[in-house]
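Read off the chains here:
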Amino acid sequence: FWYYNNWDFNAAGTIFAQLTGRGVYEEFERRLAVPLQMQDFVRDEHTRYFTGDDSVYPAYPFQLSARDLARFGLLCVRGGRWQDMQLVSRDWMNESTKSYSDAGASGGYGYMWWVAADGKHFPGAEIPDGSYSARGAGGHYILVIPEWDLVVVHRVNTFARGKRVTGSQFGKLLQLILDAKEDR
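In this convention, every chain numbers its residues from 1, walking through the sequence in written order. With pLDDT at 70 or above as the cut-off, local features in this predicted model cover only qualifying residues; side-chain atom pairs require 80 or more to be listed or tallied, and sums for whole chains, interfaces and linings still use all residues. Think of the side-chain values as coming from all heavy atoms in the structure, minus any hydrogens and water.

A. Highlighting the sheet that holds strand β9 (residues 140–145). Spatial strand order, β5-β6-β7-β8-β9-β10: 6 strands in an open sheet with antiparallel pairing. For this open sheet the edge positions go to β5 (101–102) and β10 (150–154), each flanked by a neighbour on one side alone. In this description, strands pair whenever DSSP reports at least two bridges between them. Helical segments are the DSSP runs of H or I of at least four residues, strand segments are the runs of E of at least two, and each set is numbered from the N terminus. Relative to strand β7 (residues 114–115), strand β6 (residues 108–109) runs antiparallel, the two sharing 2 bridges. In the strand pairing of β7, Y109 is matched with W114. Any two residues having at least one pair of non-hydrogen atoms within 4.5 Å are treated as being in contact. Throughout, an axis means a line fitted to C-alpha atoms (over the contacting stretch in the case of helices), and angles, computed between N-to-C directions, take values from 0 to 180 degrees. Contacts between helix α4 (residues 66–77) and the sheet are confined to β8 (132–136), β9 and β10, with β10 contributing the most and set at about 150° to the helix. In the packing of helix α6 (residues 167–179) onto the sheet, the strands contacted are β9 and β10, and the crossing angle to β10 comes to about 140°.

Following this line, the structure appears as structure tokens:
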């Protein structure tokens, strides 16, 4: 069976640092935040590695604004291209956003992306197979729907105690957004 536990991100970040001698946050800033002209990202304020007894591989969560997440989503829906620069190879975008595992009610899972498969992705929302999303703790989502050239970003004030949005709640909101889309 398949089980998601976020370990893939932590291990990949450690491998990246060992192979390059550079940190994930520094390279994110250099390779993505600066070229994408992210407006709110400040590395020293919005990033922090976490370690603990659960794993020898540090977690590296990001705190990004909705508009900076939207820029990242646009990069993805454009196949890794931003203005006149190919920041991420189109081949990697295609390979990493394919479903390689059956993730049950969430559809499938690629290389660290949740992928719509067999009509499943978010409960209560109808989106094309091959759409994909990144999902953060508490209900943060970047949803990329290449077929419709659409990006949906959802943020939650997870700094306020008890604030969270479930996948089902996001699915209902997403379907309302999609219902408003005229050329669907």
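B. Just the pairing of β10, in detail. Here β9 runs beside β10; their pairing, made up of 5 bridges, is antiparallel. Among the inter-strand pairings, Y141 is bridged to a residue of β10, identified as H154. Where β9 hands over to β10, the hairpin turn is made up of 4 residues, of which D149 adopts a positive phi near 50°.

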